[in-house]
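# Geometric and topological summary
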Amino acid sequence: MHEGPTTRKAVSRESGNAIAFAALMVGNVALAFGPWFVRLTDVGPVAAAFWRISLATPVLLVLAAATGGRLLSSVRGLGWILIGSGVLFAGDLAAWHVGIHHTKLANATLFGNAATFVFPLYGFLVARAWPTRTQGLALALAAIGAALLMGRSYQLAPQNFVGDLLCLLAGLLYAGYFILMSRARQTMPPLPALGFSSAAAILPLLVSALVLGEKIMPANWTPLISLALLSQVLGQGLMIYALGRLSPLIIGLALLTQPIVAALVGWLYYGETLGVADFVGAALVAIALVLVRIAPPRPLPLPPVSGA
């Protein structure tokens, strides 16, 4: 029995999706170490974001050129999208890095990934499709898991409120960044898209750090280099690769793996203890990810938008 062209395409697509999903998960694990590196730096939090981007951008552009990407021609018609995404990412990092110093690692990572629910909503609106029952169940389980991951620690530490709000703002800006980058990824490879978007974030971050009067020059470069390579080059690189291949729902829910990893880092290095609720929350997030990964796409059309 011979496979037809349609079957081969389906197998190839599924294989590509599996690779993209693996990249997505590895990228999220790498990004989860970001808050820890931020705490280890000896510069201001926004300055740390500036160095994260400044050190990573040349590496990203060199990698993009080395892999055969036509850098300047790939930007044509997408300049405002890349600049906008860079500005949103700069705002995300600035708010998030400040918030990291005023809340627990797990809380910072959870709120900083508010795109978990905002980005899938954008995906449903663009596709003009309601989530299927399985997708809706996955979202509900993820929401309960997210609440369990932060609920107990927040009740015991209300002084985290300001840090949580800053991280929530960062998460909303992160969702906007994803929306613009998903548009860029429709025609651009991941490395040039991330490289030029990162370049657009450098100046806003430097100006913000100077206005805030932060210490800019570090004495210890190790945490900043680790932040740039692990979070920006590896973590964001894999995320933007997956962004062009997986649905917004899968991308969004996968972000919840970050607070799970960050909670483990906080437990091991800062004594931020974990309880039963944390483990149950992590299990619910894992179940949600399995559901969205195996769920067949059976979207129901949204009602027509008036005036459209």
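Structure's up top.
A brief report on the enclosed structure follows.

Cut-offs applied
- Residues numbered from 1 in each chain as written.
- Predicted model: local features only at pLDDT ≥ 70, side-chain atom pairs only at ≥ 80, totals over all residues.
- Heavy atoms only, no water.
- Helix = DSSP H or I, 4+ residues; strand = E, 2+ residues; numbered from the N terminus.
- Contact = heavy atoms within 4.5 Å.
- Areas by Shrake-Rupley, 256 points an atom, 1.4 Å probe, with all protein chains shown as cover.
- Axes fitted to C-alpha atoms, helices over the stretch in contact; angles between N-to-C directions.
- Parallel < 35°, antiparallel > 145°, perpendicular 65-115°, else oblique.
- Left-handed = near helix turned anticlockwise from the far one by under 90°.
- Nonpolar A, V, L, I, M, F, W, Y, C, P; charged D, E, K, R; others polar.
- Phe/Tyr/Trp six-rings, centres within 6.5 Å; stacked < 30°, edge-to-face > 60°.
- Buried < 20%, exposed > 50% of the residue type's maximum accessible area, 1.4 Å probe, protein only.

### Let's talk about the overall build of the protein chain
- Of the regular secondary structure elements, the protein chain holds 14 helices and two strands.
- Intrachain contacts of the protein chain at a sequence separation of at least 6 include 91% that bridge at least 24 residues.
- As presented, the protein chain carries roughly 14,100 Å² of accessible surface, and 71% of it is formed by carbon and sulfur atoms.

### Examining the side chain of serine 198
- The topology assignment puts serine 198 in helix H10 (residues 190-211).
- Sequence-distant contacts of serine 198, defined by excluding residues within four places in its chain, comprise Ile53, Thr57, Leu60 and Gln232.

### Describing the packing of helix H5 (residues 79-100) against H10
- Contact pair H5 / H10: the axes reach a minimum separation of 7 Å and the direction vectors enclose 55°. By the angle class used here, H5 and H10 are oblique. Crossing angle aside, the handedness with which H5 passes H10 is right-handed. Across the interface between the two elements, Leu82, Ile83, Ser85, Gly86, Ala90, Leu93 and Ala94 of H5 pack against Ala193, Phe196, Ser197, Ala200, Ala201, Pro204 and Leu205 of H10.
- Class assignment for the residues of the contact of H5 with H10 results in 11 nonpolar, three polar and no charged.

### Let's talk about the packing of aromatic side chains
- Counted by the stated rule, this structure contains 11 aromatic pairs.
- With 4.9 Å between their ring centres and 80° between their planes, tryptophan 51 and tryptophan 221 make a pair best called edge-to-face. One end of the pair, tryptophan 51, is in helix H3 (residues 45-66); the other, tryptophan 221, is in the loop between H10 and helix H11 (222-243), and 170 residues separate them in sequence.
- Between tyrosine 174 and phenylalanine 178 the ring centres are 4.6 Å apart and the planes differ by 35°, which places this aromatic pair in the tilted class. Here tyrosine 174 and its partner phenylalanine 178 are both found in helix H9 (residues 161-184), four residues apart, which amounts to about one turn of the helix.
- The exposure class assigned to tyrosine 174 is buried, which follows from its relative accessible area of 4%.
- On the basis of relative accessibility, which here comes to 0%, the residue phenylalanine 178 falls in the buried class.
- Feature note: the residues Phe89, Phe119, Tyr122, Tyr174, Tyr177 and Phe178 constitute an aromatic cluster, connected by ring pairs.

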